[in-house]
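A structural walkthrough
So the chains spell out like this:
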Amino acid sequence: MSFMREHSVELPLFGRKIAVQKLWLSFGIIFNIVLLLFFKLWGVFLPIAISFYTFNQISYIVDLERGDIERFKILDYLTYILFFPKLLQGPIMGYGEFETKLTQALDKSFDYEAFLRAMYLFSIGLFKKVIMADTIGKAVDANFSWLVGMGSLEAVLTAVFYSFQLYFDFSGYCDMAAAVSNLIGIELPINFDSPYKAVNIVDFWKRWHITLTKFFTRYVYIPLGGNRKGEARTYVNFMIIFLLSGFWHGTGWNFIIWGAMHGVLYVITRWYERNRKEALVAGGDQKESDKAILTENVHKEAGAGNIRHGIERVVKTILTFTYVTAAWVFFRAETIEDALILFGQIFKGGVRPFANSFSAAFQIDELWYILKVTPVMKLNNAWEICVWIFLIASFVMIFFFPNAVRRCKNCRLGIGTTLLTVLLLVWSVVSLGGVSTFLYMNF
């Protein structure tokens, strides 16, 4: 129905007066949004990935009206909307970018090295989803169904593990989508760039779901006035974007609170950065201001060039991750009350052993085969060590490993990468029986 409507809207956009084009454009956007709201609010079922192809369709008809697309062709349009690697969870690409990539792919011949790099990337993405995200997800689900029984440490770990689950789930999908697309010669834009390494909330949103942020900026923030109508209106526009983002993820008040938490800190950070720059300019000159900002950027890119900046960066990263994790609690909880119960357990839960359902989720067969031949099994609560193994492994992968897309694109291929690709693929495939759906497919 949505595709039929698109066809009926796009054809009248050509050869008509501007007023008529605006009318048809408005009709097209409103129809898409109403259809999305209908399924989200009142639909008996939610079509898989409806949000993503709705965003792509809105992007398409707006670019068509603006003249960024020269001519409507039904085959090109369907290829753009239904391109399967990005269909379920993005990335959200503009038609112009997609058309350029598609044209370049059609001119390419088979590239054996690109094929190996794509398989390497796919194996990493599959491992993130099957082994890491789904194993952690079972533990998180178990504890969110039994909030009042958790001790303080277990409550903290539940919140942190949910942050890790989201990371591996979405990052794993992005890696696999990019790999499958690379196999047919089309390079997708990076949609997920080590977001938990962010040093503030503005930096975080430059790394998490990058193409969705660009979509909201291009098709909502700028039409609202962007930063062209004064400082106060700019901050109001930011809040609108984040509240809209919260509503898009879900209609409960917990999602609105999640969006508001990000919006408030984002506005405060932008206000601070703006005033800091103005203070530097007022206290010295423009060169000093630019030099300070340049120095900070250099340290960001270099991973901190000295001890002071290294410590400062670590502290900022920890604070940003802590705030984002707290916001994710509202995102994951069924209700606001559930989120508050979890926070309450952090401060009032005291010292309690882990719930069996929580620690059992991490006791995968692969660890059992290793641990059973070690002295560790003689310790009391020996299986709880699996919780800490997953925690440390996740921490290292998230905060110390480079972005998988860049790593696979630039690494030297050899016997090591080949063996690692085979190991990750085999391990993930034999564990496929318990795989859950991707979290973002529900949006």
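Residues numbered from 1 in each chain as written. Predicted model: local features only at pLDDT ≥ 70, side-chain atom pairs only at ≥ 80, totals over all residues. Heavy atoms only, no water.

Turning next to the overall build of the protein. Helix and strand counts for the protein stand at 20 helices and zero strands. A separation threshold of at least 6 residues defines the contact pool for the protein, and within that pool the share at least 24 residues apart is 74%. (Helix = DSSP H or I, 4+ residues; strand = E, 2+ residues; numbered from the N terminus. Contact = heavy atoms within 4.5 Å.)

Below, the discussion takes up the side chain of Lys129. Considering the arrangement of structural elements, one finds Lys129 in helix H7 (residues 112–144). For Lys129, the side chain forms a polar contact with the side chain of Asp169, separated by 2.7 Å. (Polar contact = N/O pair within 3.5 Å; in protein donor to acceptor, adjacent residues only side chain to side chain.)

By the element assignment, His262 lies in helix H12 (residues 253–283). Beyond its immediate stretch of four places on either side in the chain, His262 contacts Ile201, Phe204, Trp205, Phe242, Tyr323, Val324 and Ala327.

Tallying each qualifying case throughout the model produces 49 aromatic pairs. Between Tyr196 and Phe321, the aromatic rings sit 5.1 Å apart at their centres with planes inclined by 75°, giving edge-to-face as the arrangement. Taken as a pair, Tyr196 in the loop between helix H8 (152–183) and helix H9 (201–204) and Phe321 in helix H14 (residues 307–332) lie far apart in primary sequence, 125 residues in all. Grouping residues by exposure puts Tyr196 and Phe321 together as buried. Here the aromatic rings of Phe321 and Phe399 are separated by 5.5 Å at their centres, their planes lie at 80°, and the arrangement is edge-to-face. Here Phe321 is found in helix H14, whereas its partner Phe399 is found in helix H18 (residues 385–399), with 78 residues between them in sequence. Phe321 sits in the buried class, given a relative accessible area of 13%. (Phe/Tyr/Trp six-rings, centres within 6.5 Å; stacked < 30°, edge-to-face > 60°. Buried < 20%, exposed > 50% of the residue type's maximum accessible area, 1.4 Å probe, protein only.)

Positioned with a positive phi, Ser194 is a non-glycine residue whose angle comes to about 45°. Checked against the element boundaries, Ser194 lands in the loop between H8 and H9. With a phi angle near 45°, His209 is a residue other than glycine that sits in the positive phi range. Looking at the element boundaries, His209 is found in the loop between H9 and helix H10 (210–221).

This part is about H7. In an α-helix, one full turn covers 3.6 residues, which means residues spaced three or four apart are oriented alike. Under the 1.5 Å per step criterion, the end-to-end length of H7 is 46 Å for 33 residues, consistent within 8% with the ideal 48 Å. Among the 33 residues in H7, 24 count as buried, and that is most of the element. For H7, the capping residue at the N-terminal end is Asp111, with a side-chain oxygen 3.1 Å from the backbone nitrogen of Glu113. (Expected span 1.5 Å × (residues − 1).)

Before going further, it helps to examine the nonpolar core. Grouped together as the largest cluster of nonpolar side chains are 113 residues, with contacts concentrated most on Phe161, Phe164, Tyr196 and Trp328. Apart from the residues lying within four places of it in its own chain, the contact partners of Trp328 are Tyr162, Ser163, Leu166, Tyr196, Phe204, Trp208 and Trp258. (Core = buried A, V, L, I, M, F, W, Y, C linked by side-chain atoms within 4.5 Å.)

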